[in-house]
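# A structural walkthrough
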Amino acid sequence: MKMRWFAFVALAAILLSLALFRLEGENQAAQASTRVERPALPQRVVKLSAPTKALTAWFSEYTANRSPESLELGKAYAKHHTAEIAKLIVSDPQLAIESAVPMVVRQKLPKEIVALLEDRVRVRADYEVYGNAPLEGQEATMEPYTRTVTTADGKRWNAHVYGKRQWQRSTLNASLNGVAVGREMAVSDSPLRVLEVGELPQSDGREVVEACPVSGIETPVEKAPDGSLAAVSEETPAFETPERVIYVCSGGHISQIAEQYLSDEEKAHWQQLGTELNAGTGSGPSHAPISGTIPSSWTTGGRSFLYIRACFPDNPVDPQNEQECHDMFKAANDYIVQTSYGRCYLTYAFPPLVVLPYPLEWYNRYNTDVGGGDTLLQNHAIQIAKSMGYDTASYNLRAVRWSGGPGSYGGSASVGAAGMRMKSSSSGVFLHELGHNLGVWHANYWRTTPPSITGPGNNLEYGNTFDVMGSSGSNGQYTASFKNTLSWMPPEQFWNVTSSGLYRISQTDNAIADPSLRLRAAGAARCGAGFLGGIPSAAQYERWFHEWIDDDL
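Residues numbered from 1 in each chain as written. Predicted model: local features only at pLDDT ≥ 70, side-chain atom pairs only at ≥ 80, totals over all residues. Heavy atoms only, no water.

## Structural notes on the overall build of the chain
Tallying secondary structure elements over the chain gives 15 helices and 20 strands in all. In the chain, buried positions account for 52% of the 553 residues. Long-range contacts, defined as pairs at least 24 residues apart, comprise 66% of the intrachain contacts of the chain with a sequence gap of at least 6. (Helix = DSSP H or I, 4+ residues; strand = E, 2+ residues; numbered from the N terminus. Buried < 20%, exposed > 50% of the residue type's maximum accessible area, 1.4 Å probe, protein only. Contact = heavy atoms within 4.5 Å.)

Laid out in structure tokens, this is it:
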């Protein structure tokens, strides 16, 4: 009783104080799941680096004086420019794309110079976002998310993103463009690339569409006798995708078309996983591209799981014997049934131990020389399991479990997709990665200075010590906001609080879903409040309350 009384008093005090503060430090993971409005990105002033300015200046001089000496100087400038782009791809991918040599210039450069520049990438590929669980003691050094772009023919880049793509879940068969140096790629946050005025469109056998997809108005396109297209002008705006060059009647239509492309791609992604958008329980918000809702048919009902154990031929040791697998999945299923209030449960299969085709050091060397050694290992294990009669296409979710070799994490899973990599037998790590597969992000902590519910501070990754998507292990819970995202706690189970008062906070770790609260102060972002019955003391509860509020904004 003392526990619940403290909860009531704490909530009443916080409701009054919320009106005085503008909430900051939002957990962007929960925001991406629950808010569909996305303000336009502010216009940026592009500040070109010295090597890029030097290359631009050289080109102006070279067009007036084409000499072998000038060409050699241009090669030196091109190398310095590309080295700068390589740094920007990792540190500021948006600036890397903006600083790339314009296509209008690139198309006029000698081939010797172009060969030294960053690659312009335009592909149809799988964009995969893997959420990682660190090994114990390595939380500070672990990259929380790794992103890759992989084409059907095996080309692969480490993806560096900005803007809307920072909160885009894994998306299969996406239209992607950007710039790359080696294995690193800066990915544009638009699926379309707007052609520059003066650029010569390269059809490359692609379809040329002259009718605007929005208005249907056709744009007369000039073509040379050989079929090549005339340069783009202000009167003939156009954009390109991996399959088409498309002209529009107004450049303003391109952003509208880009949003439709993203929405269509996300819909196709879920359909490829055997599910549909906006199906199932609850009356949640309508779907929106990039940060849209997760279809409840992906997160509710029976989820079939194929769990593949793999070992190396030079070390044929089972990383997790079959009895240990049964014990882990039994505990995980009991947890999921309870925390989803019976809306989700797991069925599972364990193939015989898979022996990989190459020794451990071979995969390590591949990972160093080429990259993606863990992905290759995962694919090999899946193919061998398929030859045994365990086809991953027959299961909703899948994991490959191994020890040693590539991968410095305890677990890693595709966010909103099927793949998982396990290097731990911990049920807490498994539940964390399962949350990623189902579509939720990490549960963080907004650490304020001085301590307060709201105010300036910094984000602490994995910082929510009471959430399985933070650092709680299997003793934690999914927050109420995550349960809402997963259709385990639909909107009708929330009380929307619009004025100060005394309200009951119901326990969210019961087997029955009691109502939770949504709060909104004047001019403030929406936040949530809930109550965990397992918190043993008021002091711990107060810490949890602050942590949960900051995590759930």
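## So, the sheet that holds strand β9 (residues 244-247)
Taken together, 4 strands build an open sheet; the order of strands is β6-β8-β9-β7 and the sheet is mixed. Looking at strand neighbours, the two that pair on one side only are β6 (193-194) and β7 (207-209), the edges of this open sheet. Packing of helix α8 (residues 253-272) onto the sheet brings it into contact with β6, β8 (238-240) and β9, and relative to β8 it is tilted by some 25°. (Pairing = 2+ DSSP bridges. Axes fitted to C-alpha atoms, helices over the stretch in contact; angles between N-to-C directions.)

## Things to note about the nonpolar core
If you look at the biggest cluster of nonpolar residues, it comprises 35 residues, and the most contacted ones within it are F305, Y307, F430 and L434. Among the secondary structure elements, those contributing two or more residues to this core are β10 (301-311), α10 (322-339), β11 (344-349), β13 (397-401), β15 (420-422) and α13 (427-438). With 6 residues, α10 is the largest single contributor of residues to this core. Sequence-distant contacts of F305, that is, excluding residues within four places in its chain, are made with F329, T347, Y348, A349, Y395, L397, R398, A399, M420, F430 and L434. In terms of nonpolar packing, the next biggest core, distinct from the first, is built from 18 residues, F312, A349, A381 and I382 among them. (Core = buried A, V, L, I, M, F, W, Y, C linked by side-chain atoms within 4.5 Å.)

## Some words on unusual backbone geometry
In this model, T449 is joined to P450 through a cis peptide bond whose omega is -5°. When you line up the elements, P450 lands in the loop between β16 (445-448) and β17 (457-460). In this structure, Y462 takes a positive phi of about 60° despite not being glycine. Structurally, the position occupied by Y462 is in the loop between β17 and α14 (480-485).

## As for α13
Relative to the 16 Å expected for 12 residues at 1.5 Å per residue, α13 spans 16 Å between its end C-alpha atoms, a close match to the ideal helical length. For α13, the tally of buried residues reaches 11 of 12 residues, placing the bulk of the element in the interior. Among the residues of α13, those classed as buried are G428, V429, F430, L431, H432, E433, L434, G435, H436, N437 and L438. Its side-chain oxygen at 3.2 Å from the backbone nitrogen of G428, S426 defines the N-terminal cap of α13. At the C-terminal side of α13, G439 shows a positive phi close to 130°. (Expected span 1.5 Å × (residues − 1). Polar contact = N/O pair within 3.5 Å; in protein donor to acceptor, adjacent residues only side chain to side chain.)

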